[in-house]
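Tertiary structure, described
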Amino acid sequence: MSHTPGPWREYAPTISGEIDENYRYIEADDPAAPTRRAFMLTGFVSPADARLIAAAPDLLNAARDALDQFEQMEKMFRDDLEFMGALSAVRAAIAKATT
C-alpha cells in the first residue's frame with residue numbers, strides 16, 4: 001500500500017469563532033474520491049508537529065532523490081565513514097516510512 005501523495009496541508013480551524021493553535025487539521029485531497037478528500041486527521045497537535053506531518057510526502061521524495069545520488073557515489077566513498085553513515089541513515093528513514 002502506498003501513501004497518499006502530497007500536497008498535504010495543515011491549519012488551525014476556527015471553532016465557535018475561536019482558533020486554538022494546538023488543535024490542527026492535517027489533510028490531503030484526492031480528485032478521484034467522491035468527497036475529493038483523501039484523508040483528514042484532526043486533534044491536539046502542536047503547530048510544529050503538524051507542519052512536519054504535512055511535509056512527510058515531500059520529505060520522503062527528497063530522501064529518495066538523495067538516495068539515488070548517494071548510491072551513484074557509494075563505490076567512490078565506501079571508506080568514508082561519514083558518507084556511509086549518511087547513506088545508511090537515508091535508507092533507514094525511507095524504510096521506516098514505507099514498510
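Up top you'll find the structure we're talking about.
Residues numbered from 1 in each chain as written. Predicted model: local features only at pLDDT ≥ 70, side-chain atom pairs only at ≥ 80, totals over all residues. Heavy atoms only, no water.

Another aspect to go through is the side chain of Arg24. Mapped onto the fold, Arg24 is located in strand 4 (residues 23–29). The exposure class assigned to Arg24 is buried, which follows from its relative accessible area of 6%. Looking at Arg24, its side chain comes within polar contact range of the side chain of Glu10, at 2.5 Å. (Helix = DSSP H or I, 4+ residues; strand = E, 2+ residues; numbered from the N terminus. Buried < 20%, exposed > 50% of the residue type's maximum accessible area, 1.4 Å probe, protein only. Polar contact = N/O pair within 3.5 Å; in protein donor to acceptor, adjacent residues only side chain to side chain.)

In this section: the nonpolar core. One finds Leu60, Ala63, Leu67, Phe83, Leu87, Val90 and Ile94 forming the largest nonpolar core, which totals 7 residues. Listing elements by their share of this core, those giving two or more residues are helix 2 (56–73) and helix 3 (81–98). The greatest single-element share of this core, amounting to 4 residues, is contributed by helix 3. Grouped together as the second largest cluster of nonpolar side chains are 6 residues, Trp8, Ile26, Ala28 and Ala54 included. (Core = buried A, V, L, I, M, F, W, Y, C linked by side-chain atoms within 4.5 Å.)

Let's shift gears to helix 2. Owing to its 3.6 residues per turn, the α-helix brings residues three or four apart onto one side. If you check helix 2, its first and last C-alpha atoms are 26 Å apart, about what 18 residues at 1.5 Å a residue would give, namely 26 Å. Buried within helix 2 we find Pro57, Leu60, Ala63 and Leu67. Taken down its axis, helix 2 places every buried residue within 120 degrees of arc, on the same side. Residues of helix 2 that are exposed and point more than 90 degrees away from the buried face comprise Asp58, Asp65 and Gln72. As for helix 2, its buried residues are in contact with strand 1 (8–11), helix 1 (47–54) and helix 3. (Expected span 1.5 Å × (residues − 1). Arc of directions from axis to C-beta. Contact = heavy atoms within 4.5 Å.)

Before going further, it helps to examine the sheet that holds strand 4. On the basis of which strands lie adjacent, the open sheet formed by 3 strands has the order 1-4-5 and antiparallel pairing. Among the strands making up the open sheet, the edge pair consists of strand 1 and strand 5 (37–44). The mean angle between the axes of side-by-side strands here comes to 15 degrees, regardless of whether they run parallel or antiparallel. In this fold helix 1 packs onto strand 1 and strand 4, with an angle of close to 165 degrees to the strand it touches most, strand 1. (Pairing = 2+ DSSP bridges. Axes fitted to C-alpha atoms, helices over the stretch in contact; angles between N-to-C directions.)

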